[in-house]
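Residues per chain, in single letters:
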Amino acid sequence: MERKKLDIGLYGFTGCNGDQLVIVHSEDKLLDFFGAANIKSFSLAKSDNDESALDIAFIEGSIANREQAEHVKHIRERSRMLVAIGSCAVYGGIQSMHVKPSWEERFKKVYGNNKLDVRTPTPSLPVGEVVKVDFSLPGCPIDADQFFYVFGQLLRGQTPAMPDYPVCAECRWKENECLLLKGIFCVGPVTAGGCQAVCPSHNLPCLGCWGPVKEGNADSHIALLKEKGYSLEAIQNRMGMHAGAGIPESVKKLLGA
Amino acid sequence: MREILVEPLARVEGDGGITVRIDGDKIKEVSFNVLEGTRLVETLVVGKTPEEDVSIACRICAICTLSHRYAALRGLEKALGITKLPPKAQLMRTLMHMGEFVESNSLHVFVLALPDFLGFPSAIAMAGKYGNEVLKALALKKYGNKIMRLTSGRMIHGENPTIGGFGRYLDRTTLLELKKEAQEQIEFAELGVQLVGGIDIPSYFEKETVFMCCEPGDGEFGVMGDQIRISDGKTVPVEEYRSLTNELFSPHSAAKHCLYQGKPYTVGAIARLNNLGDRLKGRSLKLYEKYWNKRWLKNPVFNNLAQAIELVWCLETIPVLVDAILEIDEDPALVKPSRMDGEGVGAVEAPRGTLYHNYRLKDGLVAEANLIIPTGQSLEDIDKYLRIAVEELLKQKADDQKIRMQCEIIARAYDPCISCSTHMVRIERV
Ligand code: SF4
Ligand code: SF4
């Protein structure tokens, strides 16, 4: 018996659209993708969008104004499942970075006392702080193969298995020479795998764009960072750069501080 | 009161919309709205190292991630006293930049814009009737992505292009493969120009404007330079960009708008071809000569055709670049900064127009940043052309559907990049 095609929507909130583009850029899989499910809404790629009940809503970007918060709540209400894609949606992204001064002060610096009449800006939040998220796929941007794997599993009603090891594991599989040993500051030990250790493979340090690795799965790698004497603060700053404001706390936990 | 709202404007990158308000036969408002949430990127990079800045700044936009990276690298390198890169590093930067032009122009021309003219809601829907063209266009875009992926390290936001050069260079086999593919793709790119060139472009909203782009400075057509070429005949050093891009706040858009001497202006492929098109050579010159005419100076919808011609130029340029890279065996080491304090302005052409990254460094950290993004520069002109179009359409007693459609075509022709435009913000000097 042929399975009923699932109704899917893809939405972009505040970010760079990189995750939606990773999907659009997967030309070989794109026509199949449009064929495997009923893509009801995908405003980056088409204009005849239908905003009704969905089986799965994929959300890219963080929530950075009141209207976006309303919109994502509305999507949540009519979706069976909601999946956050990309570090902006999952962690809040660069725009949720932990910096000083406060968001209000920085906003004022940029826009002065002017008021926008089209939108009500707010500090940027991960999607999960506004609505319930059923599944999170981090990455900045997400990895195409990982997305299509997750998509396939969800279509079949299964829970996708995500890497629970740090970037270091992938880096070692690639037999790279460790940058920490060369005195270069790399946060691969505390960063979730999934990128295939792309930066270290180009002789460049990991900057943490995939967000933190799961607790308890990188102890031996983390020991490496500690051994090299990098401070908790330096690691938190690095990790907090690409992923959001909550990252420093999770890094603290990882490092057992 | 008649109200026509296009929200969201589909098939553009980011969250944008168009508002048209009409009272009787009078226009109350016509505006292109940037609705995207703000990210305040310029405030995020303060206190960061140059390497960190590059990694944050490129995330402003996924389509033009490499243009942002390139402009940031140039601005920061100037500030760090790195005035010249080894030839191989410079050639690789140009190659990566070409990859982005191929990706972005083909995405916009064939996937985002063309469906309007052929009457389809999306390129996927077009595939039924234009299957062959859609597949070939996707293959061309994929080729652009491939160059971006290989030169930058991954499809989007790759870190390989870094301060002072590249983390890793491409091997001979890969380079030769890229060259061969450029030669194979060029035929379709030429067909693409004919396809887009065959479309009737309405003339009722035509009006003169000002065009700006980077001046390569070597007498050749190009997409980067340290001077800005303006269609009024002036050439201005990029350091003086503030005098060209006076920013102003507009309540209907989260992006700041720009004016040149109090007047709206346009950037992007159409500006480049209007200002520098006669410097093209070979096949792209032939196409330029065949299709360029004075209407281009008045009608932004020709931007689609300009982008299509640029695609041919890119595919002619890539093999030349590859040959030049192949002549240099040794991979140069990263150039080291000669100072830790300084200021620099980097300007490159992003596919949608001139992009400026201005940084001031203090003790090796970013003290101040100012970024001027292409779509923000064209916003006043987008509003202007939308208004003229609506005025004319009202005279013709057009219905809402027609007004809506024409407005979408004009706004989309600019290839607006809305993620980018929300960073069109200025920080006062502290
Ligand atoms: S997670 Fe990264 S790629 Fe995705 S929208 Fe945010 S900045 Fe862009
Ligand atoms: S610390 Fe960085 S370079 Fe070293 S193994 Fe981990 S990811 Fe690779």
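Residues numbered from 1 in each chain as written. Chains lettered and ligands numbered in written order. Predicted model: local features only at pLDDT ≥ 70, side-chain atom pairs only at ≥ 80, totals over all residues. Heavy atoms only, no water.

A.B. asks: Quick question: what am I supposed to make of the packing of helix α2 (residues 50-57) of chain B against helix α3 (residues 65-79) of chain B here?
C.D. replies: All names here are of chain B. One way to put it is that α2 packs onto α3 with a least axis distance of 9 Å and a crossing angle of 155 degrees. When the axis of α2 is compared with that of α3, the two are roughly antiparallel. At the point where α2 passes α3, the crossing takes the right-handed sense. Contacts from P50, D53, V54, S55 and A57 of α2 reach α3 at H68, R69, A72, L73 and L76. Split by residue class, the contact of α2 with α3 holds six nonpolar, two polar and two charged. (Axes fitted to C-alpha atoms, helices over the stretch in contact; angles between N-to-C directions. Helix = DSSP H or I, 4+ residues; strand = E, 2+ residues; numbered from the N terminus. Parallel < 35°, antiparallel > 145°, perpendicular 65-115°, else oblique. Left-handed = near helix turned anticlockwise from the far one by under 90°. Contact = heavy atoms within 4.5 Å. Nonpolar A, V, L, I, M, F, W, Y, C, P; charged D, E, K, R; others polar.)

A.B. asks: Help me out: how do you make sense of the pattern of salt bridges in this one?
C.D. replies: Two side chains with opposite charge may pair up if their charged atoms get near one another. For the structure shown, the criterion picks out 33 salt bridges over all chains. One salt bridge connects A:D7 with A:K40, and the closest N-O pair in it is separated by 3.7 Å. Here A:D7, found in strand β1 (residues 7-12), pairs with A:K40, found in strand β2 (residues 38-42); they are 33 residues apart in sequence, far enough to count as distant. Each member of the pair A:D7 and A:K40 is classed as buried. With its nearest N and O atoms 3.1 Å apart, the salt bridge here joins B:R283 to B:E190. Taken together, the residues span a long stretch of sequence, with B:R283 in helix α10 (residues 282-291) and B:E190 in helix α7 (residues 172-197) at a distance of 93 residues. When salt bridges with common partners are traced through the structure, they connect B:R74, B:K78, B:D226 and B:E239 into a single cluster. (Salt bridge = Lys/Arg side-chain N within 4 Å of Asp/Glu carboxyl O. Buried < 20%, exposed > 50% of the residue type's maximum accessible area, 1.4 Å probe, protein only.)

A.B. asks: Which parts of the structure should I look at to understand empty space enclosed by the protein?
C.D. replies: Taking a probe equal in size to a water molecule and rolling it over the atoms shows the remaining empty space. In total, this model carries nine cavities of 30 Å³ or more according to the counting rule given. Within this model, the largest cavity holds a volume of roughly 100 Å³. Considering the residues around the largest cavity, the lining is formed by 14 residues, among which A:C16, A:D19, A:C88, A:C140 and B:H157 are closest to the centre. If you list the elements that add at least two residues to the lining of the largest cavity, you get α1 (18-24) and α4 (87-91) of chain A. Here the residues of the lining of the largest cavity sort into five nonpolar, six polar and three charged. (1 Å grid on protein atoms, 1.4 Å probe; cavity = no way out; pocket = protein on both sides within 12 Å on 5 of 7 lines; lining within 4 Å. Points joined across faces, edges and corners; volume = space filled by probe spheres on them.)

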